[in-house]
Amino acid sequence: MAQTEGKIIIIVAPSGSGKSTLIQKIKDEFNKLEWSVSFTTRPQREGEVDGVAYNFIDKEEFESRRDKNEFLEWALVHQNYYGTSKIFVEEKLKQGINVLFDLDVQGVDSFKEYFGDKAKAIFIAPPSIDALKSRLLQRGTDDIEVINVRLENARKELLRKDDFDYCVVNDDIGRAHEELRSVILEIMES
Ligand code: ADP
Ligand code: 5GP
């Protein structure tokens, strides 16, 4: 297991549960928390800045980086590749910097294998599958086929909601934000 100094805080949630909205609020208010920018082959959405939301790369580059062992973990999610940069994370943790991750359940399982209990995972649950569907439709960033794949994955991910260190239900955004903030403070102070 790697030696870590900084805290490893992972947010895991089905697509549409409000994770990005909550993460943005957390990024804005915690200056002692660094965001791990993943690599992905998913098309860039409007408003997403390359190198900030993700490092957007094509499949060939992803596979080449993967084969060179540059990822701490990688996964195929909703038919696109996503991976965490090994060098970025190891450097930050070594410097004692707390790092915030946004991973799918496969990524959390890999982190738990690699870092053990030092990796703390917070599951963000939607109040219901219906709420999830209407949030994805209302967000308007994905077409209906993509939304259906995401809903299918969400049903599976929700079966795992009690397997993580914390679970926050995003019913009311203000309340969920408060709860998430206090969980993160607890981890950072532990
Ligand atoms: P994710 O990153 O989990 O895919 P987003 O943060 O993009 O989800 O949220 C999906 C949509 O739901 C967005 O349009 C967002 O504004 C909206 N949303 C987020 N949280 C809530 C909430 N508590 N109640 C209602 N709508 C919400
Ligand atoms: P989105 O395309 O909506 O930004 O993210 C889709 C899914 O990919 C989310 O569940 C998100 O948590 C996951 N994800 C983002 N980055 C990574 C990563 O580096 N590794 C893994 N395993 N999953 C990731």
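As the structure is a prediction and not an experimental result, all values here were calculated from the model. Within every chain, residues take consecutive numbers counted from 1 along the sequence as written. To label them, take the chains in the order written and letter them from A, then take the ligands in the order written and number them from 1. Residue-level local features of this predicted model are given only where pLDDT is at least 70; pairs of side-chain atoms are given and counted only at 80 or more, and the full residue set underlies all totals for whole chains, interfaces and linings. The basis for every side-chain value is the complete set of heavy atoms in the structure, and neither hydrogens nor water enter the calculation.

Participant: Describe the packing of helix H5 (residues 129-139) against helix H6 (residues 144-158), and please don't skip the residues or the numbers.
Facilitator: Lines fitted to C-alpha atoms define the axes here, with helix axes fitted over just the stretch in contact, and angles between the N-to-C directions of these axes take values from 0 to 180 degrees. Strands here mean DSSP runs of E at least two residues long; helices mean DSSP runs of H or I at least four residues long; both are numbered from the N terminus. Close contact between H5 and H6 brings their axes to 11 Å; oriented N to C, the two are set at 150°. Relative to H6, the element H5 lies roughly antiparallel. Considering the relative orientation of H5 and H6, their crossing is right-handed. Packed against H5, whose contacting residues are Ile-129, Leu-132, Lys-133, Leu-136, Leu-137 and Arg-139, the element H6 presents Ile-144, Ile-147, Arg-150, Leu-151, Ala-154, Arg-155 and Leu-158 at the interface. Just so you know how the angles are binned, under 35 degrees is roughly parallel, over 145 roughly antiparallel, 65 to 115 roughly perpendicular, and the rest oblique. Crossing handedness: left-handed means the near helix sits turned counterclockwise from the far one by under a right angle, and right-handed means the same turn made clockwise. Two residues form a contact once any of their heavy atoms are found within 4.5 Å.

Participant: Before we move on, can you summarise the sheet that holds strand S5 (residues 71-77) with the specific residues and values?
Facilitator: Strands were regarded as paired on the criterion that DSSP finds at least two bridges between them. Taken in spatial order, the 4 strands of this open sheet run S4-S3-S6-S5, and their pairing is mixed. Both outer strands of the open sheet, strand S4 (55-56) and S5, are each paired with one neighbouring strand and no more. Both S5 and strand S6 (residues 80-85) contribute to a ladder of 6 bridges, which runs antiparallel. By the bridge assignment, Val-77 is partnered in S6 with Asn-80. Of the strands in this sheet, S5 and S6 touch helix H4 (residues 105-115), which is tilted by about 160° from S5.

Participant: Can you break down the packing of helix H1 (residues 19-29) against helix H7 (residues 173-189) residue by residue, with the values?
Facilitator: Where H1 meets H7, the axes come as close as 10 Å, and the angle between the chain directions of the two elements is 55°. Judged by the angle between their axes, H1 and H7 are oblique. Note on packing geometry: the crossing formed by H1 with H7 is right-handed. Seen from H1, the contacting residues are Thr-21, Leu-22, Lys-25, Ile-26 and Glu-29; seen from H7, they are Ile-173, Ala-176, His-177, Leu-180, Arg-181 and Ile-184. When residue character is reported, Ala, Val, Leu, Ile, Met, Phe, Trp, Tyr, Cys and Pro are called nonpolar, Asp, Glu, Lys and Arg charged, and the others, Gly included, polar. Classifying every residue of the contact of H1 with H7 by side-chain character gives 6 nonpolar, 2 polar and 3 charged.

Participant: How would you sum up the site of ligand 1? Please name residues and give values.
Facilitator: Near ligand 1 there are 15 residues, and of these Gly-16, Ser-20, Thr-21, Arg-139 and Asn-170 occur at the shortest range. Identification of polar contacts relies on pairs of N or O atoms within 3.5 Å, with a donor-acceptor requirement for protein atoms, meaning one able to donate a hydrogen and the other able to accept it, and with residues adjacent in sequence counted only if both atoms are side-chain atoms. Within the backbone of Ser-17, an N or O atom sits 3.2 Å from an oxygen atom of ligand 1. Summarising the interface, the protein chains cover 78% of the accessible area of ligand 1, which totals 570 Å² for the free molecule. Counting atoms within 2 Å of the grid points, the majority share of ligand 1 lands in the largest pocket. Contributing elements (two or more residues each) for the shell around ligand 1: H1 and H5. Partitioned by chemical class, the residues of the shell around ligand 1 number 2 nonpolar, 8 polar and 5 charged. To be near a molecule or strand, a residue needs just one of its heavy atoms within 4 Å of it. Methods summary: accessible areas were calculated by the Shrake-Rupley approach with a probe of 1.4 Å, and residue burial reflects only the protein chains presented. Any residue with an atom within 4 Å of a point lines the site, the site being either a cavity, points on a 1 Å grid over the protein atoms alone where a 1.4 Å probe fits but cannot get out, or a pocket, an open set with protein on both sides within 12 Å along at least 5 of 7 lines. Pocket occupancy is defined atom-wise: a molecule lies in a cavity or pocket when more than half of its atoms are within 2 Å of its grid points.

Participant: Tell me about the packing of aromatic side chains, residues and numbers included.
Facilitator: The criterion for an aromatic pair is that two Phe, Tyr or Trp rings (for Trp, the six-membered ring) have centres within 6.5 Å, with stacked assigned to planes under 30 degrees apart, edge-to-face to planes over 60 apart and tilted to the rest. Scanning the entire structure with this criterion turns up 10 aromatic pairs. Here Phe-62 and Tyr-81 contribute two aromatic rings whose centre-to-centre distance is 4.8 Å and whose plane-to-plane angle is 5°, an arrangement assigned as stacked. Of this pair, Phe-62 sits in helix H2 (residues 59-67) while Tyr-81 sits in strand S6, and the two are 19 residues apart along the sequence. An identical accessibility class is assigned to Phe-62 and Tyr-81; each is buried. Ring plane angle 5° and centroid distance 5.6 Å describe the contact between Phe-123 and Phe-164, whose orientation is recorded as stacked. Burial here depends on accessible area, computed with a 1.4 Å probe over protein chains only, as a share of the maximum for the residue type. Under 20% is buried, over 50% is exposed, and the range in between is partly exposed.

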